[in-house]
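# Inside the fold
One-letter residues, chain by chain:
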Amino acid sequence: MNRPLIGVTTSTRSGWRIFPLVRFNLWLAGARAQRWTTRSDIDLDRVDGVIIGGGDDISPDLYGARLEVTARLDPDRDAMEHDIARQALGDGIPVLGICRGAQMLNIAAGGTLHQDAWSLYPDAKPVKTILPRREVCVSDASQLSNWLGGEPMRVNALHTQAVDLLGQGFRVAARDTHGMVQAIERCRDPFALGVQWHPEHLFYAHRQRAIFRALSAAAQAYAQGRRQVFAPA
């Protein structure tokens, strides 16, 4: 069986460091990866799934708010990923959002963000590390629990922003122990999942690899369905 091809968005500035990790996780999950930046010729018809990767904060212009905090923004990447997220959601292409990517999925579905999420949870000490230092509780009613199991787990955290109002058709799939949203998912198929942490750095943990396996399986099914549609009669 051919490995499905996943388009992976990255920062033009720092993606060279992150993309190999994502590609490795996808390879372990039975998929291939193609890197996309703002300089790429992007065609979603050529891929079977999408990962919208992590990086800089997202401009509040995308959800009708004003910038309230100091942030490093990338307007060109915002525009590129917003278009990709909207098309993937609209066309039923399996899509995984990682950190910034989870936030972008929420915005593309009509949701909003907390620009300084940690300020809303004074008892939560801000954590910015690739090591698993934050405890996350997965919702029993979520698809995420079917893929990862429902036990609490430790994840990393590199974010400043977080999901505020949910986008249409999405639900919360996980929160940390202080109540901050840590994962969102589409309420029904096709596959669309956003995680606030960085599972690509946690490839040694089988529950984190399961996220990429779920995307790979959804992409494989999407590719098979597309081949059937265009198969000669």
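Source: prediction; values computed, not measured. (Residues numbered from 1 in each chain as written. Predicted model: local features only at pLDDT ≥ 70, side-chain atom pairs only at ≥ 80, totals over all residues. Heavy atoms only, no water.)

Next up on the list: a nonpolar patch on the surface. Side chains of Phe24, Trp27, Leu28, Phe203 and Tyr204 sit close together on the surface and give an oily, nonpolar patch of about 510 Å² of accessible area. Looking at where phenylalanine 24 falls in the secondary structure, it is placed in helix α1 (residues 15-28). Accessibility expressed as a relative area gives 34% for phenylalanine 24, which makes it partly exposed. (Patch = residues over 30% accessible without salt bridge, like charges linked within 9 Å, V, L, I, M, F, W, Y side chains within 5 Å. Areas by Shrake-Rupley, 256 points an atom, 1.4 Å probe, with all protein chains shown as cover. Salt bridge = Lys/Arg side-chain N within 4 Å of Asp/Glu carboxyl O. Helix = DSSP H or I, 4+ residues; strand = E, 2+ residues; numbered from the N terminus. Buried < 20%, exposed > 50% of the residue type's maximum accessible area, 1.4 Å probe, protein only.)

Quick look at the sheet that holds strand β11 (residues 192-195) now. Spatial strand order, β2-β1-β3-β4-β11-β10-β9-β6-β7: nine strands in an open sheet with mixed pairing. A strand with exactly one partner marks an edge of an open sheet, and here the two such strands are β2 (32-36) and β7 (153-157). Each strand of the sheet is rotated relative to its neighbour by a mean of 25°, with strand direction disregarded. Packing of helix α2 (residues 75-91) onto the sheet brings it into contact with β1 (5-9), β2, β3 (49-52), β4 (95-98), β9 (170-176), β10 (181-186) and β11, and relative to β1 it is tilted by some 145°. Helix α3 (residues 100-108) contacts β3, β4, β9, β10 and β11 of the sheet and is inclined by roughly 125° relative to β4. (Pairing = 2+ DSSP bridges. Axes fitted to C-alpha atoms, helices over the stretch in contact; angles between N-to-C directions. Contact = heavy atoms within 4.5 Å.)

For the structure shown, the criterion picks out six salt bridges. Here glutamate 81 makes a salt bridge to arginine 77, at a shortest N to O gap of 2.7 Å. Residue glutamate 81 and its partner arginine 77 are both found in helix α2; the two are separated by four residues, about one turn of the helix. Judged by its relative accessible area of 1%, arginine 77 is buried.

Our next topic: the pairing of β3. Across the two faces of β3 the burial is the same, with Gly49 and Ile51 and Val50 and Ile52 all buried. Across four bridges, the pairing between β1 and β3 is parallel. In the strand pairing of β3, threonine 9 is matched with isoleucine 52. Pairing of β3 with β4 involves three bridges; the strand directions are parallel. By the bridge assignment, isoleucine 52 is partnered in β4 with glycine 97.

This paragraph deals with the nonpolar core. With 32 residues, the main nonpolar core has Ile6, Leu26, Ile51, Leu96, Leu144 and Trp197 as its most contacted residues. The element contributing the most residues to this core is helix α5 (residues 206-230), with seven residues. In contact with leucine 144, not counting residues within four places along its chain, are Val138, Gly149, Ala173, Ala174, Ala183, Glu185, Leu193 and Trp197. By size, the runner-up hydrophobic cluster in this structure holds 26 residues, among which are Val50, Leu105, Phe170 and Val181. (Core = buried A, V, L, I, M, F, W, Y, C linked by side-chain atoms within 4.5 Å.)

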